[in-house]
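Structure at a glance
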Amino acid sequence: MAKIKHNNFLDTVNEVFTDAKQEGVLHLYAEGESFNGRTIGVKNRVLFHFGTTGYLGLEQDERLKDAAVDAIRKYGTQFPLSKSYISNPLYRNLEEKVTDMYGHPIIITKNSTLGHIGVIPSAVKDQDAIILDHQVHWSVQSAAKILKNRSVPIDMIRHNDLNMLEDKIKRYSDQRKKIWYMADGIYSMYGDFAPITDLMALSQKYPQLNFYFDDVHGMSWIGKNGTGYVLSELGELSENILLFGTLSKTFGASGAVLVCSNKRMYHEIKTFGGPLTFSAQLEPASIAAATASATIHLSPEIYVLQKELRERIAFFNKLLQKTDLPLIDENISPVFYIGTGMPKTGYNFVNRLMQEGYYVNLGIFPAVPVKNTGVRITISRHNQKEEIKGLVEAMEYHFPKALEDTHTHSERVFHAFKLEPKQKSIFLKSKVTTDLKVQLEDSILKIDKKLWNSLLGNFGVFDWEGLKFLEESFSGNSQMEHNWEFKYLIIYDQQQKPILATFMTVGLWKDDMLAAVGASKTIEEERQNNPYYLTSKVLSLGSLFTEGEHLFLKTAHPQKKDALNLLMQNLEKLEHSLKAKMIVLRDFRENKILHDYFQGQGFVRVQMPDSCTLALDEDETLETYISQLSSRNRKHLRKEVFKVMDLLDIRIVQEASVEQLEQIAELYSNVHQNNLGLNTFSFPAKLFGKMWVHPNWEFITITPKGEPKKMIGVMLCYKNIHNTYVPAFVGMDYDYLEQYHVYRQLLFQTIKRAIELKCTHIAFGLTAGFEKRKLGATVYNTYAYLQTADNYTLELMGILESS
């Protein structure tokens, strides 16, 4: 295996969003000639609106509207000039009022994203370090990554994990002047809070600790003068805290606000802060509307509005507590999240609620892990008790229907979110019944040899004998990464005919296995002291040793969907019982049916290295093979393979000496250590000895004739039961690579040997598609599907890859 293609993240997001768009729950257009906040027009229907982030409803306040209209008439639609030169006349009043709200110096920014990009690189110095909560808003993460260019270390902790945060602080305390922890005050998907009190206690213990809080979802609906959740918990803003609020969302206008009590830092940021200097300023209408809203925030009216919203939130909470709907976090924020688990269930549930007359937001990857899809419901002052009650009743009715429609049940949902149901409802039990038979075994010895080979023995090192070899090689080893658990699954129909078959392994993987080389280099430095740093137990189709089509599926069978559903159920049970942190389905070629199914089941697709195969005729000769190559490729063959062949001793070794085995292990290790593009643990030392005595394994070795004891290349090859030749792994001495074109020589000798053995197929596996195509191989796109408990590892790799 080798390096994956690292445009995967954007490709995956595009696929997930496209899927949701096709299901009619994303990228919609609102309809109607006017809005009142309480309802919204969608798909020719008027729906009660439970998706707004204007929690106090100020965006519909007549005072804000009148101020905006008046400002446009007086000052135009925009004031097209950098604020560094001159500000719109309306700015002074707004800045004074917002300063009065907070009691500290403030800076108005065009929006939160540009604000973060302007503030973070100005506030954080080269001698500092940044630690991100992995659920902090994308805009904060994106702005922080800019500092990688200045060699500021960027690290990450799991969501609200203060033990992990303290460990990171200790790590940087002797190296960095300030340590910045960046988090949201209120998290926008689940509506949960940052543990402000505990964080302040931590800052007392570690004076280097500074905070950067994005509290845009905590604004207005809580706190003195509506200054938000963070300040309501703090009471006073100390100099080690930068606080970001918003003038949009609940505030009802547009723009964002930075609050800074450190006068020196405030002056530096305001004087020159990137986009704060060069970006366009707020439009007159936005400034005027924000000023009108600030006036309300500075009056007793703000507390009346907050109280009205709290009553609605409390009413919604009370109704939800009487249900067994999977509410992810119970608190007093206006943001609620009902988990659906699989994306397909989320699409179905959202569409059902819209048909019933209620608009809610879909929570989907990358905002949440794919298998933590759900609906985000927001409560505002616009919502009346009758429609709040109606929404709860609709959810209670349609949630089990959505589960049934998508062939799942709520036990899977509660398990995905690590929740315990409050009460046992009838919809907790699966209504999916099937007459299919499942055979799940823990050894290939318990599977009929002829049956297995007929299903999955065609290609690769996973025919019956190959799997027996792997079980023996990856058990009883001293290091835990060299011990794998094997599981074999066959699903039969009523006539005892197999519909689906696969094998799985559970083992320790490096979390950066699929990351870019730069990230792996950084992590490997840490592993010098802690070899199991950033490693996880993974449940995978196939194994890290094998490549190829690990899933047999009878696609024409009328119950194939039921068989796939049973596969998913068994994967989830194994993931839970074996305490795996990730499920990986590999190595699939382009297949729309399976792609749609896996994505709907909560998997994200990543592109693996290209897969290469070479088909041979039964009566193939070396001459006929070469004649089929293009003239250009024949020229390369003569120049880079045939020209040096007489200088080499090329042998087929089936019974290696101890000295040869040591050289083979060293050559393999060279290639393994040189390939951080797909970073895996090494294989156990006994593996090569077991190959030596196994009748299906042989080694193609290359030695210079002038140095008869110096092996410079080896191909480890397996002869499959179905006449397939598998060059499973390669070993090389890089000092001789260019002189003898060692890799291309090994590829050619592999083809030559396969022809001698009358093989009809060579499973060249992944990587080096360019080289293998030159020798006649057919190259295919190959994909893996991943499902994780959270996005922490994915986002951490994104931070590390940006270095």
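See the structure shown above.
Reference entry: report on the structure contained in this document. Keep in mind that this is a model prediction, so the values were computed, not measured.

**Focus: helix 26 (residues 742-756)**
- Here helix 26 contains 15 residues, and its C-alpha end-to-end distance of 21 Å stays within 8% of the 21 Å for a straight helix at 1.5 Å per residue.
- Where burial is concerned, most of helix 26 is hidden: 13 out of the 15 residues are buried.
- Phi turns positive, to about 60 degrees, at K758, one or two residues after helix 26.

**Overview of the sheet that holds strand 2 (residues 45-49)**
- With respect to topology, 3 strands assemble into an open sheet ordered 1-2-11, the strand pairing being mixed. Two strands in the sheet have a free side with no partner beyond their single neighbour: strand 1 (39-42) and strand 11 (358-359).

**Quick word on the packing of helix 22 (residues 631-645) against helix 26**
- For the pair helix 22 and helix 26, the least separation of the axes is 10 Å and the interaxial angle reads 90 degrees. Taken as axis vectors, helix 22 and helix 26 run roughly perpendicular relative to one another. The residues of helix 26 that touch helix 22, namely those facing H636, L637, E640, V641, F642, V644 and M645, are R744, Q745, F748 and Q749.
- Split by residue class, the contact of helix 22 with helix 26 holds 6 nonpolar, 3 polar and 2 charged.

**Digging into the sheet that holds strand 5 (residues 154-157)**
- Overall, mixed pairing links the 7 strands, which are arranged 3-9-8-7-6-4-5 in an open sheet. Because the sheet does not close on itself, it has two edges, and the strands there are strand 3 (106-109) and strand 5. Going from strand to strand, the sheet's axes swing by 20 degrees on average, the running direction of each strand aside.
- Of the pairings in the sheet, the one linking strand 4 (residues 129-133) to strand 5 comprises 4 bridges and is parallel in character.

**Concerning the environment of K145**
- Along the chain, K145 falls in helix 5 (residues 138-145).
- Along the backbone, K145 and M354 are 209 residues apart, and their C-alpha atoms lie at a distance of 39 Å.

**A word on a positive patch on the surface**
- Taken together, R632, K635, R638, K639 and K643 make up a surface patch of like positive charges.
- Mapping R632 onto the fold places it in helix 22.

**Brief notes about the environment of I108**
- Of note, I108 is situated in strand 3.
- With 658 residues separating them in the primary sequence, I108 and L766 have C-alpha atoms 52 Å apart.
- If we skip the residues at most four places from it in the chain, I108 touches Y91, L94, E95, V98, L247, A256, V257 and L282.

**Things to note about the packing of helix 23 (residues 658-674) against helix 24 (residues 686-693)**
- Where helix 23 meets helix 24, the closest approach of the two axes is 10 Å, and the angle between their N-to-C directions is 125 degrees. By the criterion of interaxial angle, the relationship of helix 23 to helix 24 is oblique. Note on packing geometry: the crossing formed by helix 23 with helix 24 is right-handed. The segment helix 23 lies against helix 24, with L661, I664, A665 and Y668 engaging F688, G689 and W692.

**Quick look at the nonpolar core**
- Of all hydrophobic cores here, the largest spans 160 residues; its most connected members are Y102, F213, F316, I377, M395, W452 and F545.
- Among the elements that take part in this core, helix 14 (residues 385-405) stands out by supplying 8 residues, more than any other.

**Focus on unusual backbone geometry**
- Here the amide bond leading from F365 into P366 is cis, since omega sits at 10 degrees, within 30 degrees of zero.
- Relative to the helices and strands, P366 is located in the loop between strand 12 (361-363) and strand 13 (373-378).
- In this structure, the amide linkage connecting R586 to the following residue, D587, adopts the cis form with an omega of -20 degrees.
- Here D587 shows up in strand 19 (residues 582-588).
- Although it is not a glycine, H27 adopts a positive phi angle of roughly 55 degrees.
- Take H27: it is sitting in the loop between helix 1 (8-22) and strand 1.
- For H27, a relative accessible area of 52% translates into the label exposed.
- Unusually for a residue other than glycine, H741 sits at a positive phi of about 50 degrees.

**Looking at the pairing of strand 6 (residues 179-184)**
- By the criterion of burial, strand 6 is predominantly enclosed, with 6 of the 6 residues buried.
- In this structure, strand 4 lies alongside strand 6, joined through 4 bridges in parallel fashion. Among the inter-strand pairings, L132 is bridged to a residue of strand 6, identified as M182.
- Sheet topology places strand 6 next to strand 7 (residues 209-214); 6 bridges connect them, and they run parallel. Residue D184 lies in a different strand from strand 7, and its bridge partner there is D214.

**Things to note about the pairing of strand 26 (residues 778-788)**
- Bridge count between strand 19 and strand 26: 5 bridges; the pairing is antiparallel. By the bridge assignment for strand 26, I583 is matched with Q787.
- Across 8 bridges, strand 20 (residues 604-615) lies against strand 26 in antiparallel orientation. Bridge pairing in strand 26 places M608 opposite T782.

Each value, and the rule that gives it
- Residues numbered from 1 in each chain as written.
- Predicted model: local features only at pLDDT ≥ 70, side-chain atom pairs only at ≥ 80, totals over all residues.
- Heavy atoms only, no water.
- Helix = DSSP H or I, 4+ residues; strand = E, 2+ residues; numbered from the N terminus.
- Expected span 1.5 Å × (residues − 1).
- Buried < 20%, exposed > 50% of the residue type's maximum accessible area, 1.4 Å probe, protein only.
- Pairing = 2+ DSSP bridges.
- Axes fitted to C-alpha atoms, helices over the stretch in contact; angles between N-to-C directions.
- Parallel < 35°, antiparallel > 145°, perpendicular 65-115°, else oblique.
- Contact = heavy atoms within 4.5 Å.
- Nonpolar A, V, L, I, M, F, W, Y, C, P; charged D, E, K, R; others polar.
- Patch = residues over 30% accessible without salt bridge, like charges linked within 9 Å, V, L, I, M, F, W, Y side chains within 5 Å.
- Areas by Shrake-Rupley, 256 points an atom, 1.4 Å probe, with all protein chains shown as cover.
- Salt bridge = Lys/Arg side-chain N within 4 Å of Asp/Glu carboxyl O.
- Lys, Arg positive; Asp, Glu negative; His and termini not counted.
- Charge placed at Lys NZ, Arg CZ, Asp CG, Glu CD.
- Left-handed = near helix turned anticlockwise from the far one by under 90°.
- Core = buried A, V, L, I, M, F, W, Y, C linked by side-chain atoms within 4.5 Å.

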